[in-house]
Amino acid sequence: MSNTIYGAAAAAERIIELLDQRPLVAAPAKPRPLERAVGDIKLRQVSFCYPGTTREVLSDITFDVPAGTITALVGMSGAGKTTLTKLLLRLYDPTHGGITIDGHDLRDLDPRQLRNQFAVVLQETLLLDETIAENILAGRAGADHSDVVAAARAADAHEFISALPEGYHTRVGQRGRLLSGGQRQRIAIARAMIRDAPVLILDEPTASLDAAASDHILGPLRRLMAGRTALVISHNLLTVTSARQILYLDHGRITETGTHAELLAEDGQYAQLYRLHVPAHTTTA
Ligand SMILES: Nc1ncnc2c1ncn2[C@@H]1O[C@H](COP(=O)(O)OP(=O)(O)OP(=O)(O)O)[C@@H](O)[C@H]1O
Ligand SMILES: [Mg+2]
(Lines give C-alpha, C1' and ligand atoms only; values in the text may rest on other atoms or scores of the structure.)
(Ligands and ions follow the chains in the order given, each with its own letter.)
Protein backbone atom coordinates (compact mmCIF):
# COMPACT_ATOMS: atom_id res chain seq x y z
CA MET A 1 0.00 0.00 0.00
CA SER A 2 2.90 2.37 0.67
CA ASN A 3 3.45 2.80 -3.09
CA THR A 4 -0.16 3.87 -3.51
CA ILE A 5 0.08 6.29 -0.61
CA TYR A 6 3.24 7.95 -1.95
CA GLY A 7 1.69 8.15 -5.41
CA ALA A 8 -1.49 9.70 -4.04
CA ALA A 9 0.48 12.19 -1.92
CA ALA A 10 2.41 13.37 -4.98
CA ALA A 11 -0.82 13.70 -6.97
CA ALA A 12 -2.46 15.63 -4.13
CA GLU A 13 0.45 18.07 -4.09
CA ARG A 14 -0.03 18.74 -7.79
CA ILE A 15 -3.76 19.25 -7.30
CA ILE A 16 -3.13 21.73 -4.47
CA GLU A 17 -0.67 23.63 -6.67
CA LEU A 18 -3.35 23.86 -9.33
CA LEU A 19 -6.01 25.05 -6.89
CA ASP A 20 -3.58 27.72 -5.66
CA GLN A 21 -3.18 29.19 -9.16
CA ARG A 22 -4.50 32.70 -9.48
CA PRO A 23 -5.62 34.13 -12.84
CA LEU A 24 -3.05 36.45 -14.43
CA VAL A 25 -5.69 39.02 -15.34
CA ALA A 26 -7.63 41.13 -12.85
CA ALA A 27 -11.42 41.37 -12.93
CA PRO A 28 -12.63 45.01 -12.88
CA ALA A 29 -14.30 46.24 -9.68
CA LYS A 30 -17.26 47.60 -11.67
CA PRO A 31 -17.53 45.57 -14.88
CA ARG A 32 -19.47 46.97 -17.82
CA PRO A 33 -22.42 44.69 -18.53
CA LEU A 34 -22.32 42.80 -21.83
CA GLU A 35 -25.04 40.23 -22.40
CA ARG A 36 -24.61 39.20 -26.02
CA ALA A 37 -22.10 41.04 -28.14
CA VAL A 38 -22.65 41.85 -31.81
CA GLY A 39 -19.04 40.75 -32.14
CA ASP A 40 -17.25 43.84 -33.44
CA ILE A 41 -13.58 43.39 -32.51
CA LYS A 42 -10.82 45.98 -32.73
CA LEU A 43 -7.14 45.67 -31.85
CA ARG A 44 -5.12 48.87 -31.50
CA GLN A 45 -1.28 48.88 -31.41
CA VAL A 46 -1.22 45.68 -29.41
CA SER A 47 2.18 44.46 -28.23
CA PHE A 48 2.76 41.55 -25.94
CA CYS A 49 5.53 39.80 -24.00
CA TYR A 50 4.74 36.67 -22.00
CA PRO A 51 5.01 37.36 -18.24
CA GLY A 52 8.57 36.98 -17.02
CA THR A 53 10.07 37.42 -20.52
CA THR A 54 11.33 40.47 -22.39
CA ARG A 55 10.90 39.27 -25.99
CA GLU A 56 7.90 40.79 -27.78
CA VAL A 57 5.95 37.97 -29.43
CA LEU A 58 3.39 40.45 -30.81
CA SER A 59 4.36 43.95 -31.93
CA ASP A 60 2.11 46.86 -32.86
CA ILE A 61 -0.84 44.79 -34.06
CA THR A 62 -3.78 46.84 -35.35
CA PHE A 63 -6.78 45.41 -37.18
CA ASP A 64 -10.57 45.15 -37.07
CA VAL A 65 -12.75 42.10 -37.29
CA PRO A 66 -16.12 43.54 -38.34
CA ALA A 67 -19.11 41.73 -36.83
CA GLY A 68 -20.26 38.70 -38.79
CA THR A 69 -17.14 38.45 -40.96
CA ILE A 70 -14.26 35.99 -41.18
CA THR A 71 -10.66 37.03 -40.63
CA ALA A 72 -7.91 34.50 -41.29
CA LEU A 73 -4.56 34.59 -39.58
CA VAL A 74 -1.68 32.84 -41.31
CA GLY A 75 2.06 32.71 -40.85
CA MET A 76 4.94 30.45 -39.93
CA SER A 77 5.07 28.40 -36.74
CA GLY A 78 5.90 30.65 -33.78
CA ALA A 79 4.66 33.84 -35.52
CA GLY A 80 2.26 34.53 -32.64
CA LYS A 81 -1.11 33.38 -34.03
CA THR A 82 -2.21 31.37 -31.00
CA THR A 83 -0.91 34.06 -28.67
CA LEU A 84 -3.25 36.53 -30.34
CA THR A 85 -6.25 34.29 -29.59
CA LYS A 86 -5.16 34.10 -25.93
CA LEU A 87 -5.29 37.90 -25.74
CA LEU A 88 -8.81 37.91 -27.26
CA LEU A 89 -9.99 35.47 -24.59
CA ARG A 90 -8.16 37.63 -22.06
CA LEU A 91 -6.01 34.84 -20.71
CA TYR A 92 -3.37 37.60 -20.77
CA ASP A 93 -3.53 41.38 -21.13
CA PRO A 94 -1.54 43.16 -23.86
CA THR A 95 1.70 44.78 -22.66
CA HIS A 96 0.81 47.86 -24.75
CA GLY A 97 -2.30 48.85 -26.66
CA GLY A 98 -5.82 47.56 -26.26
CA ILE A 99 -8.55 45.29 -27.57
CA THR A 100 -12.25 46.12 -27.68
CA ILE A 101 -15.37 44.09 -28.35
CA ASP A 102 -18.45 46.14 -29.28
CA GLY A 103 -16.46 49.19 -28.15
CA HIS A 104 -15.72 47.86 -24.64
CA ASP A 105 -12.12 47.41 -23.61
CA LEU A 106 -11.72 43.75 -22.58
CA ARG A 107 -10.28 44.90 -19.26
CA ASP A 108 -13.59 46.64 -18.39
CA LEU A 109 -15.67 43.47 -18.76
CA ASP A 110 -16.40 40.66 -16.38
CA PRO A 111 -14.07 37.87 -17.61
CA ARG A 112 -16.88 35.32 -17.43
CA GLN A 113 -19.22 37.49 -19.52
CA LEU A 114 -16.40 38.12 -21.97
CA ARG A 115 -15.68 34.41 -22.43
CA ASN A 116 -19.39 33.71 -22.91
CA GLN A 117 -19.06 35.62 -26.21
CA PHE A 118 -16.64 33.02 -27.61
CA ALA A 119 -16.73 29.47 -28.87
CA VAL A 120 -13.37 27.87 -29.54
CA VAL A 121 -12.34 24.87 -31.65
CA LEU A 122 -8.70 23.88 -31.29
CA GLN A 123 -6.37 21.35 -32.89
CA GLU A 124 -6.96 18.84 -30.10
CA THR A 125 -10.31 18.74 -28.38
CA LEU A 126 -10.61 18.09 -24.70
CA LEU A 127 -13.30 15.43 -24.34
CA LEU A 128 -14.33 14.29 -20.90
CA ASP A 129 -14.80 10.64 -20.01
CA GLU A 130 -18.58 11.11 -20.07
CA THR A 131 -21.32 10.39 -22.59
CA ILE A 132 -21.37 12.03 -26.00
CA ALA A 133 -24.47 14.03 -25.00
CA GLU A 134 -22.70 15.38 -21.91
CA ASN A 135 -19.64 16.31 -23.96
CA ILE A 136 -21.80 18.35 -26.34
CA LEU A 137 -23.70 19.89 -23.42
CA ALA A 138 -20.37 21.19 -22.08
CA GLY A 139 -20.94 23.98 -24.65
CA ARG A 140 -24.14 25.15 -22.95
CA ALA A 141 -25.26 23.56 -19.71
CA GLY A 142 -29.01 23.18 -19.48
CA ALA A 143 -29.71 22.78 -23.20
CA ASP A 144 -32.22 20.02 -23.92
CA HIS A 145 -31.75 16.82 -25.85
CA SER A 146 -33.33 18.13 -29.06
CA ASP A 147 -30.71 20.95 -29.06
CA VAL A 148 -27.96 18.34 -28.65
CA VAL A 149 -29.26 16.37 -31.64
CA ALA A 150 -29.68 19.52 -33.76
CA ALA A 151 -26.09 20.56 -32.98
CA ALA A 152 -24.79 17.07 -33.78
CA ARG A 153 -26.69 17.06 -37.10
CA ALA A 154 -25.23 20.43 -38.07
CA ALA A 155 -21.79 19.06 -37.23
CA ASP A 156 -22.35 15.94 -39.39
CA ALA A 157 -22.00 13.84 -36.24
CA HIS A 158 -25.55 12.54 -35.79
CA GLU A 159 -25.06 9.59 -38.10
CA PHE A 160 -21.96 8.13 -36.47
CA ILE A 161 -23.34 8.82 -32.99
CA SER A 162 -26.59 7.00 -33.81
CA ALA A 163 -24.61 4.01 -35.04
CA LEU A 164 -22.82 3.62 -31.68
CA PRO A 165 -24.16 0.91 -29.35
CA GLU A 166 -25.66 3.37 -26.89
CA GLY A 167 -26.06 6.33 -29.23
CA TYR A 168 -25.83 9.69 -27.46
CA HIS A 169 -25.36 7.86 -24.15
CA THR A 170 -22.15 6.13 -25.24
CA ARG A 171 -19.20 7.04 -23.04
CA VAL A 172 -16.22 8.31 -25.04
CA GLY A 173 -13.43 6.99 -22.79
CA GLN A 174 -10.51 8.93 -21.39
CA ARG A 175 -9.75 11.90 -23.68
CA GLY A 176 -12.31 10.47 -26.09
CA ARG A 177 -10.03 7.61 -27.14
CA LEU A 178 -12.97 5.48 -28.28
CA LEU A 179 -13.57 7.95 -31.11
CA SER A 180 -11.46 8.75 -34.16
CA GLY A 181 -9.77 12.15 -34.49
CA GLY A 182 -12.34 13.31 -37.04
CA GLN A 183 -15.21 12.18 -34.82
CA ARG A 184 -13.74 14.05 -31.86
CA GLN A 185 -13.50 17.23 -33.92
CA ARG A 186 -17.12 16.87 -35.02
CA ILE A 187 -18.13 16.59 -31.35
CA ALA A 188 -16.10 19.76 -30.73
CA ILE A 189 -17.98 21.50 -33.56
CA ALA A 190 -21.32 20.32 -32.15
CA ARG A 191 -20.24 21.70 -28.77
CA ALA A 192 -19.42 25.06 -30.36
CA MET A 193 -22.74 24.99 -32.29
CA ILE A 194 -24.83 24.47 -29.17
CA ARG A 195 -22.93 27.25 -27.43
CA ASP A 196 -24.23 29.64 -30.10
CA ALA A 197 -21.67 32.34 -29.24
CA PRO A 198 -21.35 35.44 -31.45
CA VAL A 199 -17.57 35.09 -31.87
CA LEU A 200 -15.72 32.00 -33.00
CA ILE A 201 -12.04 31.16 -32.72
CA LEU A 202 -10.72 28.27 -34.79
CA ASP A 203 -7.07 27.44 -34.15
CA GLU A 204 -5.90 24.73 -36.56
CA PRO A 205 -9.09 22.65 -36.23
CA THR A 206 -8.00 20.30 -39.03
CA ALA A 207 -4.29 20.04 -38.22
CA SER A 208 -4.44 16.72 -36.38
CA LEU A 209 -6.50 15.04 -39.13
CA ASP A 210 -5.56 13.30 -42.36
CA ALA A 211 -6.76 14.80 -45.64
CA ALA A 212 -9.97 12.75 -45.83
CA ALA A 213 -11.05 13.41 -42.22
CA SER A 214 -10.13 17.05 -42.67
CA ASP A 215 -12.36 17.32 -45.78
CA HIS A 216 -15.25 15.91 -43.75
CA ILE A 217 -15.22 18.71 -41.23
CA LEU A 218 -14.99 21.60 -43.71
CA GLY A 219 -18.77 21.61 -44.30
CA PRO A 220 -19.57 21.60 -40.56
CA LEU A 221 -16.97 24.35 -39.96
CA ARG A 222 -18.55 26.53 -42.67
CA ARG A 223 -21.99 26.03 -41.10
CA LEU A 224 -20.55 26.95 -37.71
CA MET A 225 -18.97 30.17 -39.03
CA ALA A 226 -22.05 31.33 -40.95
CA GLY A 227 -23.31 34.61 -39.52
CA ARG A 228 -20.66 34.79 -36.80
CA THR A 229 -17.57 36.86 -36.28
CA ALA A 230 -14.72 34.41 -36.79
CA LEU A 231 -10.98 34.37 -36.41
CA VAL A 232 -9.53 31.38 -38.24
CA ILE A 233 -6.00 30.06 -38.01
CA SER A 234 -5.18 27.31 -40.45
CA HIS A 235 -2.23 25.80 -42.22
CA ASN A 236 -4.73 24.41 -44.69
CA LEU A 237 -4.86 27.54 -46.82
CA LEU A 238 -7.77 26.21 -48.87
CA THR A 239 -9.97 26.89 -45.83
CA VAL A 240 -9.04 30.57 -45.63
CA THR A 241 -9.34 31.69 -49.26
CA SER A 242 -12.93 32.93 -48.78
CA ALA A 243 -12.17 35.04 -45.68
CA ARG A 244 -13.12 38.73 -45.76
CA GLN A 245 -9.50 39.52 -44.91
CA ILE A 246 -6.32 37.54 -44.47
CA LEU A 247 -3.57 38.78 -42.16
CA TYR A 248 -0.04 37.47 -42.61
CA LEU A 249 1.84 37.43 -39.33
CA ASP A 250 5.63 37.35 -39.40
CA HIS A 251 7.57 37.30 -36.11
CA GLY A 252 4.70 38.99 -34.27
CA ARG A 253 4.04 41.69 -36.88
CA ILE A 254 1.38 41.96 -39.55
CA THR A 255 3.26 42.23 -42.81
CA GLU A 256 0.43 41.70 -45.32
CA THR A 257 -3.33 42.32 -45.24
CA GLY A 258 -5.91 41.71 -47.92
CA THR A 259 -8.23 39.25 -49.57
CA HIS A 260 -6.89 36.03 -51.04
CA ALA A 261 -6.92 37.54 -54.55
CA GLU A 262 -5.22 40.75 -53.39
CA LEU A 263 -2.47 38.90 -51.56
CA LEU A 264 -1.83 36.57 -54.49
CA ALA A 265 -1.54 39.62 -56.75
CA GLU A 266 0.87 41.22 -54.26
CA ASP A 267 3.02 38.10 -54.67
CA GLY A 268 4.57 38.37 -51.19
CA GLN A 269 4.90 35.96 -48.26
CA TYR A 270 1.28 34.82 -48.38
CA ALA A 271 1.50 34.02 -52.08
CA GLN A 272 4.71 32.08 -51.43
CA LEU A 273 3.12 30.10 -48.60
CA TYR A 274 0.06 29.43 -50.72
CA ARG A 275 2.13 28.09 -53.62
CA LEU A 276 3.98 25.86 -51.17
CA HIS A 277 0.74 24.30 -49.91
CA VAL A 278 -1.42 24.17 -52.97
CA PRO A 279 -0.31 22.34 -56.11
CA ALA A 280 0.37 24.64 -59.08
CA HIS A 281 -2.58 23.51 -61.21
CA THR A 282 -5.10 24.79 -58.64
CA THR A 283 -3.55 28.18 -57.85
CA THR A 284 -5.55 29.89 -60.58
CA ALA A 285 -8.85 28.81 -58.94
N1 LIG B 1 3.53 30.44 -22.34
C2 LIG B 1 4.54 30.98 -23.05
N3 LIG B 1 5.57 31.57 -22.43
C4 LIG B 1 6.59 32.14 -23.13
N5 LIG B 1 6.66 32.14 -24.49
C6 LIG B 1 5.66 31.55 -25.16
C7 LIG B 1 4.55 30.94 -24.48
N8 LIG B 1 3.71 30.44 -25.42
C9 LIG B 1 4.25 30.72 -26.62
N10 LIG B 1 5.42 31.40 -26.47
C11 LIG B 1 6.29 31.91 -27.57
O12 LIG B 1 5.55 32.89 -28.30
C13 LIG B 1 5.83 32.80 -29.69
C14 LIG B 1 4.54 32.69 -30.46
O15 LIG B 1 3.93 31.44 -30.16
P16 LIG B 1 2.50 31.03 -30.72
O17 LIG B 1 2.12 29.77 -30.06
O18 LIG B 1 1.58 32.19 -30.59
O19 LIG B 1 2.83 30.79 -32.27
P20 LIG B 1 1.90 30.23 -33.43
O21 LIG B 1 1.94 31.25 -34.53
O22 LIG B 1 0.56 29.87 -32.88
O23 LIG B 1 2.69 28.93 -33.93
P24 LIG B 1 2.14 27.51 -34.47
O25 LIG B 1 1.80 27.73 -35.93
O26 LIG B 1 3.28 26.59 -34.30
O27 LIG B 1 0.95 27.13 -33.64
C28 LIG B 1 6.77 31.61 -29.87
O29 LIG B 1 8.07 32.10 -30.00
C30 LIG B 1 6.60 30.83 -28.58
O31 LIG B 1 7.81 30.19 -28.25
MG1 LIG C 1 -0.49 28.06 -32.70
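Please refer to the structure higher up on the page.
Nothing here was measured: the structure is a model prediction, and the numbers come from that model.

Enquirer: With reference to specific residues and values, describe the packing of aromatic side chains.
Expert: In this description, a pair of aromatic rings is defined by centroid distance and the angle of the planes. Counted by the stated rule, this structure contains four aromatic pairs. Note on Phe48 and Tyr92: the rings are 5.4 Å apart at their centroids and 50 degrees apart in plane angle, and the pair reads as tilted. Placement of Phe48 in strand E1 (residues 41–49) and of Tyr92 in the loop between helix H2 (81–88) and strand E4 (96–101) is noted, with a sequence separation of 44 residues between them. Take Phe48 and Tyr92: they sit in the same class, and that class is buried. Each ring, one from Tyr50 and one from Tyr92, has its centre 5.2 Å from the other, and the planes form 90 degrees; the classification is edge-to-face.

Enquirer: Hey, could you go over the sheet that holds strand E9 (residues 245–250) for me, with residue numbers and the actual values?
Expert: Strand order in the open sheet formed by six strands is E6-E7-E8-E3-E9-E10, and the pairing between neighbours is mixed. The strands lining the two open edges of the sheet, one partner per strand, are strand E6 (118–122) and strand E10 (253–258). Ignoring which end each strand starts from, the neighbouring axes of this sheet average 15 degrees apart. For strand E7 (residues 199–203) and strand E8 (residues 229–233), the ladder comprises five bridges, and the chain directions are parallel. Across the sheet, residue Leu202 finds its bridge partner in E8, namely Val232.

Enquirer: So what's going on with the pairing of strand E3 (residues 70–74)? Residues and values would help.
Expert: In terms of burial, E3 is a largely internal element, four of the five residues being buried. The sheet contact formed by E3 and E8 spans four bridges and is parallel. Considered in E8, the bridge of Thr71 is made with Leu231. As judged from the four bridges shared by E3 and E9, these two strands associate in the parallel manner. Bridge assignment links Ala72 to a residue of E9, and that residue is Ile246.

Enquirer: Describe unusual backbone geometry, with residues and values.
Expert: Despite not being glycine, Asp156 has its phi angle at roughly 55 degrees, a positive value. Along the chain, Asp156 falls in the loop between helix H5 (145–154) and helix H6 (158–163). Look at Asp156 and you get partly exposed, because its relative accessible area is 34%. The backbone phi angle of His251 is positive, close to 45 degrees, even though this residue is not glycine. Structurally, the position occupied by His251 is in the loop between E9 and E10.

Enquirer: Which residues make up the pattern of salt bridges, and what values go with them?
Expert: As enumerated under the stated definition, the model contains ten salt bridges in all. For Lys42, the salt bridge goes to Asp40, with nearest N and O atoms at 3.9 Å. A residue is classified by how much of its surface remains accessible, and Asp40, at 28% relative accessible area, is partly exposed. Among the salt bridges present, the one from Arg223 reaches Asp156, with a minimum N-O distance of 3.1 Å. With Arg223 in helix H8 (residues 211–225) and Asp156 in the loop between H5 and H6, this residue pair connects regions lying 67 residues apart in the sequence. You can call Arg223 partly exposed: its relative accessible area is 41%. In this structure, a network of salt bridges that share partners links the residues Arg36, Asp196 and Arg228.

Enquirer: So what about H5? Which residues, and what values?
Expert: Within H5, the full set of buried residues consists of Val148, Val149, Ala151 and Ala152. Projection of H5 onto a plane perpendicular to its axis shows the buried side chains occupying an angular sector of 160 degrees, all on one side. With respect to the buried face of H5, the exposed residues turned more than 90 degrees away are Ser146 and Arg153. Buried positions along H5 lie against helix H4 (132–137), H6 and helix H7 (181–195). Immediately downstream of H5, the backbone of Asp156 shows phi near 55 degrees, a positive value.

Enquirer: So what about the site of ligand 1? Which residues, and what values?
Expert: Inspection of the region around ligand 1 gives 13 residues, with Ser77, Gly78, Lys81, Thr82 and Thr83 positioned closest. Contact between ligand 1 and Gly78: an oxygen atom at 2.8 Å from a main-chain N or O atom of the residue. Between ligand 1 and Thr82, the relevant distance is 2.8 Å, taken from an oxygen atom to a side-chain nitrogen or oxygen of the residue. Of the residues forming the shell around ligand 1, the biggest block, four residues, is contributed by H2.

Cut-off values and rules
- Residue positions are counted from 1 within each chain, in the order its sequence is given.
- Going through the entries in the order they are written, you letter the chains from A and number the ligands from 1.
- This being a predicted model, a pLDDT of at least 70 is required before a residue's local features are given, and a value of 80 or more before pairs of side-chain atoms are given or counted; all residues contribute to the totals for chains, interfaces and linings.
- Hydrogens and water molecules were not included; the side-chain quantities draw on all heavy atoms of the structure.
- Centres within 6.5 Å make a pair out of two Phe, Tyr or Trp rings, where for Trp the six-membered ring is used; the pair is then stacked when the planes are under 30 degrees apart, edge-to-face when over 60, and tilted otherwise.
- Working definition: helices are DSSP H or I runs of at least four residues, strands are E runs of at least two. Numbering for both runs from the N terminus.
- Only protein chains enter the accessibility calculation, which uses a 1.4 Å probe; a residue is then buried when its area is under 20% of its type maximum, exposed when over 50%, and partly exposed in between.
- Pairing between two strands is assigned when DSSP locates at least 2 bridges connecting them.
- As a rule, the C-alpha atoms of each element are fitted with a line to give its axis, helices using only the stretch in contact, and angles between N-to-C directions run from 0 to 180 degrees.
- The term salt bridge refers to a side-chain nitrogen of Lys or Arg lying within 4 Å of a carboxyl oxygen of Asp or Glu.
- Directions from the helix axis toward the C-beta atoms define the arc.
- In this analysis, two residues are considered to be in contact whenever any of their non-hydrogen atoms come within 4.5 Å of each other.
- The criterion for a residue being near a molecule or strand is simple. One of its heavy atoms has to lie within 4 Å of it.
- The definition of a polar contact used here is a pair of N or O atoms within 3.5 Å, where within protein one atom must be able to donate a hydrogen and the other to accept one, and adjacent residues in sequence count solely through side-chain atom pairs.

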